[in-house]
Amino acid sequence: MDNAIYAATERRTQAFRRVIEEKKLDAAFVCSGPNVRYLSGFAGTPGDAALFITPDKAFIITDSRYTIQAGEQCPYYTLVSGNATDINMVKGLLTRGGATVVGFENLNISYDRYTRLCSILDADNTPVRLDNSIENLRNIKDRIELDNIRRACKIACKALSETVPYIVPGAAELDVATELEYRMKKNGASGPSFDTIVASGVRGALPHGLASEKIIKNGELVTIDFGALYNGYCSDMTRTFAVGEPDKELLKIYNIVLGAQLTALDAYKPDMLGRALDQVARDYIAEAGYGKYFGHGLGHGVGLEIHEGVGVGAHSVSVLAENTVFSVEPGIYIENLGGVRIEDLVTYSDGVFEILTSDSPKAFAVL
Ligand code: ZN
Ligand code: ZN
């Protein structure tokens, strides 16, 4: 048995039990992939396991494909063999424990599953919303999670440095994305943490321009936004390169975006609000005259999912607390010209502000 996993999943489940207690529940039914993984350690396909947690018991429902795996990965949980989507499995556990008040993930569950859950409760009894109580726990990362994210960031940085020689005139954006994803896997990632963005030339004006068949040309900027998945945890970073000498205005906006990003990183203080950090970068870009070209938020939380936890946007009241992990990614996007984004993943932990993707240089680079 892996004692560290046992201890971590016990600690996380106990923290969730305080929610169960506050909401006066007899039990909670948890079926969304990231929440199941966070609480139990189950790393199988999302949806193939579900949890039934009471104040003193913790069950994982999964089928024969995962019996051995769940035994290894979820030592704190008692295995109940069956189909995770079969509501009769939950009914059996309800009856066994005499539970009547059951919490459910109203933000994640399908309507069909919700109605099936209702059907096994007494007519005068409806399931109780858990809202984002598990997501709130996930927002503050523990040591194991931080180590997984650190590793995912290291892998991504190394893969990018190995991919740089392939970012040349004549290469398609998809060639670059393919090389990068291959290198991430070679360095230990289980895959990319989201679909790789490679946006060159005028496509750089698309903040989420997925890699396409477009050929990279001399004089263009290439924005690459990507991440590695390691032990279920995501990294997220963006670098923008010049392939040959670019247009003067593109060089100018590169330096503005870099200045905004460095100023925001410098301005971070523990427990500041997301919107306060966003404001630092937004003011910098506005003062340089490009305010209307920075349309998205400065960043977002990252963890088991690529977007989770804290928000770092213009209206975000999230607290950027110790052990949250979030991105800092200002950008400028100008239609028919191109765009620049620079993104790092950061955390404040044990009194240290860490830029987790600092292995990749950010100074303007002409390839
Ligand atoms: Zn990104
Ligand atoms: Zn991001």
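Summarised in this report is the structure supplied together with it. Everything quoted here is computed from the prediction, not taken from an experiment.

Rules used throughout
Residues numbered from 1 in each chain as written. Chains lettered and ligands numbered in written order. Predicted model: local features only at pLDDT ≥ 70, side-chain atom pairs only at ≥ 80, totals over all residues. Heavy atoms only, no water. Donors = N, O, S within 2.8 Å, 3.2 Å for Na, K, Ca; no water. Tetrahedral: all angles 85-135°; square planar, octahedral: opposite > 155°, others 65-115°. Buried < 20%, exposed > 50% of the residue type's maximum accessible area, 1.4 Å probe, protein only. Salt bridge = Lys/Arg side-chain N within 4 Å of Asp/Glu carboxyl O. Helix = DSSP H or I, 4+ residues; strand = E, 2+ residues; numbered from the N terminus.

Time to look at the coordination of the zinc ion (ligand 2). Within the protein, the zinc ion (ligand 2) binds to D236 (OD), H300 (NE2), E329 (OE) and E343 (OE); these donor distances fall in the range 2.1 to 2.2 Å. Considering all four donor atoms around the zinc ion (ligand 2), the spread of angles at the metal, 79 to 152°, places the coordination shape in the irregular class. Read N to C, the donor residues that coordinate the zinc ion (ligand 2) are spaced as D-x63-H-x28-E-x13-E. Of the residues examined, H300 reaches a relative accessible area of 12% and is grouped as buried.

Turning our eyes to something else, we now look at the coordination of the zinc ion (ligand 1). Distances from the zinc ion (ligand 1) to its protein donors, D225 (OD), D225 (OD), D236 (OD) and E343 (OE), fall within 2.0 to 2.6 Å. Around the zinc ion (ligand 1), the four donor atoms are arranged such that angles at the metal cover 55 to 153°; this shape is classified as irregular. We note that the donor set of the zinc ion (ligand 1) lies within a single chain, spaced as D-x10-D-x106-E. In this structure, the zinc ion (ligand 1) lies 3.0 Å from the zinc ion (ligand 2), and both are coordinated by D236.

With the rule as written, the count across this model stands at 23 salt bridges. A salt bridge links R183 to E179; its shortest N-O distance comes to 2.8 Å. Highlighted residues: R183 and E179, both in helix 8 (residues 173-186), separated by four residues, approximately one helical turn. The same class applies to R183 and to E179, which are both buried. Between K217 and E220 there is a salt bridge, and its shortest N-O distance comes to 3.9 Å. Here the salt bridges share partners, and the residues they tie into one network are R138, K141, E305 and E308.

Turning our attention to unusual backbone geometry. Located in the positive-phi region is K24, a residue other than glycine, with phi close to 55°. Tracing the backbone shows K24 in the loop between helix 1 (3-22) and strand 1 (27-30). Assessed through its relative accessible area of 67%, K24 is described here as exposed. With phi around 45°, D131 is a residue other than glycine that occupies positive phi space. Examined against the element boundaries, D131 turns out to sit in the loop between strand 6 (128-129) and helix 6 (133-139).

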